[in-house]
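Examination of the molecular architecture
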Amino acid sequence: MTEKTEPDEDTVAVSMEISGKYDDVIAKLQSGGSRRPGIEPFVDDLAVLLDTVVEMGGGTRSAIAQQLPSDMAASYDAQAVVDTLQVLERYDLVVLEGNTWKPGPKLEE
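Everything numeric in this text was worked out from a predicted model, so none of it was measured.

Focus on the overall build of the protein chain
Scanning the protein chain from terminus to terminus reveals 5 helices and 2 strands. Ordered by position in the sequence, the α and β elements of the protein chain form the string α-α-α-α-β-β-α. Counting over 109 residues, the protein chain shows a buried share of 23%. In the protein chain, the share of contacts with a sequence separation of at least 24, taken over all contacts with a separation of at least 6, comes to 38%. Of the roughly 8,700 Å² of accessible surface on the protein chain, 48% is carried by carbon and sulfur atoms.

So, in structure tokens, the structure goes:
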């Protein structure tokens, strides 16, 4: 019995090396075409907001707004925090109990 040494016509093999700083390499490996251009800052801000709610274990809109870092893409005052959290509530990422926003069921999984 002989081994098949020729690749199938529909098979492609590619090998490459990427070197450099970790963040630069990761940026090159990430899929660039999966999101619309310009949405990354919004998604990053949502992640920071969710992380803040989780780290705090919940909080009022004002307390959450005070804990957000100043280097976010958009400025978040108490009203902007509520507006954004109301959207995230639709996805079960946060819940409102009284006047306190807490991590939702999806973040507790």
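Re helix H4 (residues 78–89)
In this model H4 runs 16 Å from its N-terminal to its C-terminal C-alpha over 12 residues, within 8% of the 16 Å that 1.5 Å per residue would give. For H4, the set of buried residues is Ala-78, Ala-80, Val-81, Val-82, Thr-84, Leu-85 and Leu-88. Of the surrounding secondary structure, the elements contacted by the buried residues of H4 are helix H2 (40–56), helix H3 (61–67), strand S1 (94–97) and strand S2 (100–103).

Thoughts on H2
For H2, built from 17 residues, the straight-helix expectation of 24 Å at 1.5 Å per residue is met to within 8% by its first-to-last C-alpha distance of 24 Å. Taken together, the buried positions of H2 are occupied by Asp-45, Leu-46, Leu-49, Leu-50, Thr-52 and Val-53. The arc enclosing the buried residues of H2, seen along the axis, measures out at 155°, which places them on a common side. Buried residues belonging to H2 abut H3, H4, S1, S2 and helix H5 (105–108). Note on H2: the residue one or two positions beyond its end, Gly-57, has a positive phi of about 75°.

Structural notes on the pattern of salt bridges
Inspection of every chain in the model, using the stated rule, returns 1 salt bridge. Glu-97 is paired through a salt bridge with Lys-102; the nearest N and O atoms lie 3.0 Å apart. Look at Lys-102 and you get partly exposed, because its relative accessible area is 29%.

Concerning the environment of Asp-71
Position of Asp-71 relative to the elements: it lies in the loop between H3 and H4. Using a relative accessible area of 67% as the deciding quantity, one classes Asp-71 as exposed. As a C-alpha pair, Asp-71 and Asp-45 span 26 residues in sequence and 9.6 Å in three-dimensional space.

The rules behind the values
- Residues numbered from 1 in each chain as written.
- Predicted model: local features only at pLDDT ≥ 70, side-chain atom pairs only at ≥ 80, totals over all residues.
- Heavy atoms only, no water.
- Helix = DSSP H or I, 4+ residues; strand = E, 2+ residues; numbered from the N terminus.
- Buried < 20%, exposed > 50% of the residue type's maximum accessible area, 1.4 Å probe, protein only.
- Contact = heavy atoms within 4.5 Å.
- Areas by Shrake-Rupley, 256 points an atom, 1.4 Å probe, with all protein chains shown as cover.
- Expected span 1.5 Å × (residues − 1).
- Arc of directions from axis to C-beta.
- Salt bridge = Lys/Arg side-chain N within 4 Å of Asp/Glu carboxyl O.

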